[in-house]
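Chain residues, written in single-letter form:
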Amino acid sequence: MNLFRLVADLMHLASILILLLKMQKTRSVAGISFKTQALYATVFLTRYTDLVTTYVSLYNTVMKMFFIASSLYIVFLMKIKFKATNDPRLDTFQVQYVVGGAALLALIVNYAFTFQEILWTFSVYLEALAILPQLFMLTKTGEAEVITTHYLFALGAYRGLYLVNWIYRYFTEGYVDWIVWVAGTIQTGLYCDFFFIYFTKVLKGAKFELPQ
């Protein structure tokens, strides 16, 4: 565990807590893509199948349990408790292509052709593109609440810091993981346009609006 990894994990935790705060405070899930949240729940459920078979550390176990539980809770809030505030007409990204593509790629490009390894690889590919429905929704609405932008920033920063963590580990440990590296780089790249608007508008007190 290095500082970059720790801060990345804290940013990931912060993103989830910000999202939950937004939902509970406003009693609404408006502006949040249910499809993205469902994909994240799928990511955690398929990635952490080792939770019942392998013990790494208390920190590792608690984090895994938190990510699974919080993602399922968010799905519950969006689909049941605050369902009336969710507008599926804005959440129209075709996720079947993302899920199908990730599944197919996991069967072809993996480190071992075992059930658990393929599920893990699938989760890595799926996470790389899970934010697409949310970003697609932003392009349709053209704007977002400030607290929603803070959630997206924390989520993007988490993945960006993991890139720094991997670079650090490469030079200090000789760590190499091409599947994670490529997927993580793609995932971080998807946030570039959002980051630009966030830093040039939101942090200066302006409303988040996409260029016309």
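Fair warning: this is a prediction, and the values are worked out from it, not measured in the lab.

Caption draft 1: Representation of the packing of aromatic side chains. Inspection of the entire model under this criterion finds 21 aromatic pairs. Ring geometry for Phe153 and Phe199: centres 5.7 Å apart, planes at 90°, overall edge-to-face. Taken together, the residues Phe153 in helix α7 (residues 146–173) and Phe199 in helix α9 (residues 192–200) connect sequence positions 46 residues apart. Classification of Phe199 by relative accessible area gives partly exposed; the value is 43%. One aromatic cluster is present, formed by Phe153, Tyr191, Phe194, Phe195, Tyr198, Phe199 and Phe208 through successive ring pairs. It is Arg159 that lies over the ring of Tyr162; its NZ or CZ is 5.2 Å from the centre.

Caption draft 2: Seen up close, the pattern of salt bridges. Summed over all chains, the structure comprises eight salt bridges. When salt bridges that share partners are traced, they join Arg47, Glu127 and Arg159 into one network.

Caption draft 3: Spotlight on unusual backbone geometry. Positive phi is not limited to glycine here, since Arg27 has a value of about 55°. Relative to the assigned elements, Arg27 resides in the loop between α1 (3–26) and α2 (34–47).

Caption draft 4: Fine view of a nonpolar patch on the surface. Nonpolar side chains collect at one region of the surface, where Tyr111, Ile167, Tyr170, Phe171, Val176, Trp178, Val182 and Ile186 lie side by side and expose about 890 Å² of accessible area between them. Mapped onto the nonpolar patch, the elements with two or more residues apiece are α7 and α8 (178–189). Along the polypeptide, Phe171 turns up in helix α7. Given a relative accessible area of 66%, Phe171 falls into the exposed group.

Caption draft 5: Up close: the environment of Tyr191. With respect to the helices and strands, Tyr191 occurs in the loop between α8 and α9. Judged by relative accessible area, which is 1%, Tyr191 ranks as buried. Along the chain, Tyr191 and Arg159 lie 32 residues apart, while their C-alpha atoms are 9.7 Å from each other. When sequence neighbours within four positions are dropped, the list of residues in contact with Tyr191 reads Tyr40, Ile131, Leu152, Leu155 and Gly156.

Caption draft 6: Summary view of α9. Here α9 has its buried residues at Phe194, Phe195, Ile197 and Tyr198. Looking down the long axis of α9, one finds its buried residues gathered within 170° of arc, a one-sided arrangement. Away from the buried face of α9 by more than 90 degrees, exposed residues Asp193 and Phe196 are located. Buried residues along α9 sit against α6 (132–141), α7 and β2 (208–209).

Caption draft 7: Structural view of the nonpolar core. Met23, Tyr40 and Phe194 are the most contacted members of the largest nonpolar core, which has 58 residues in total. Contacts of Tyr40, omitting those with residues within four sequence positions, involve Glu127, Ala130, Ile131, Tyr151, Leu155, Gln187 and Tyr191.

Caption draft 8: Structural context of the layout of surface pockets. Its volume calculated, the largest pocket comes out at about 810 Å³. Taken together, 34 residues line the largest pocket, and the ones lying closest to its centre are Arg5, Arg47, Tyr48, Trp120 and Tyr162. Of all the secondary-structure elements, those providing two or more residues to the lining of the largest pocket are α1, α2, α3 (58–81), α5 (115–129), α7 and α8. If you tally residues by element for the lining of the largest pocket, the top one is α7, at six residues. Each pocket or cavity is described by its volume, and for the second largest pocket that value is around 190 Å³. Lining the second largest pocket we find Leu135, Leu138, Thr139, Leu190, Asp193, Phe194, Ile197, Phe208, Leu210 and Pro211. Going through the elements one at a time, α6 and α9 are the ones with two or more residues in the lining of the second largest pocket. Residues that form the lining of the second largest pocket fall into these classes: eight nonpolar, one polar and one charged.

Scoring rules and cut-offs
- Residues numbered from 1 in each chain as written.
- Predicted model: local features only at pLDDT ≥ 70, side-chain atom pairs only at ≥ 80, totals over all residues.
- Heavy atoms only, no water.
- Phe/Tyr/Trp six-rings, centres within 6.5 Å; stacked < 30°, edge-to-face > 60°.
- Helix = DSSP H or I, 4+ residues; strand = E, 2+ residues; numbered from the N terminus.
- Buried < 20%, exposed > 50% of the residue type's maximum accessible area, 1.4 Å probe, protein only.
- Lys NZ or Arg CZ within 6 Å of the ring centre and 35° of its normal.
- Salt bridge = Lys/Arg side-chain N within 4 Å of Asp/Glu carboxyl O.
- Patch = residues over 30% accessible without salt bridge, like charges linked within 9 Å, V, L, I, M, F, W, Y side chains within 5 Å.
- Areas by Shrake-Rupley, 256 points an atom, 1.4 Å probe, with all protein chains shown as cover.
- Contact = heavy atoms within 4.5 Å.
- Arc of directions from axis to C-beta.
- Core = buried A, V, L, I, M, F, W, Y, C linked by side-chain atoms within 4.5 Å.
- 1 Å grid on protein atoms, 1.4 Å probe; cavity = no way out; pocket = protein on both sides within 12 Å on 5 of 7 lines; lining within 4 Å.
- Points joined across faces, edges and corners; volume = space filled by probe spheres on them.
- Nonpolar A, V, L, I, M, F, W, Y, C, P; charged D, E, K, R; others polar.

The values reported here are purely geometric and, on their own, carry no functional implication.
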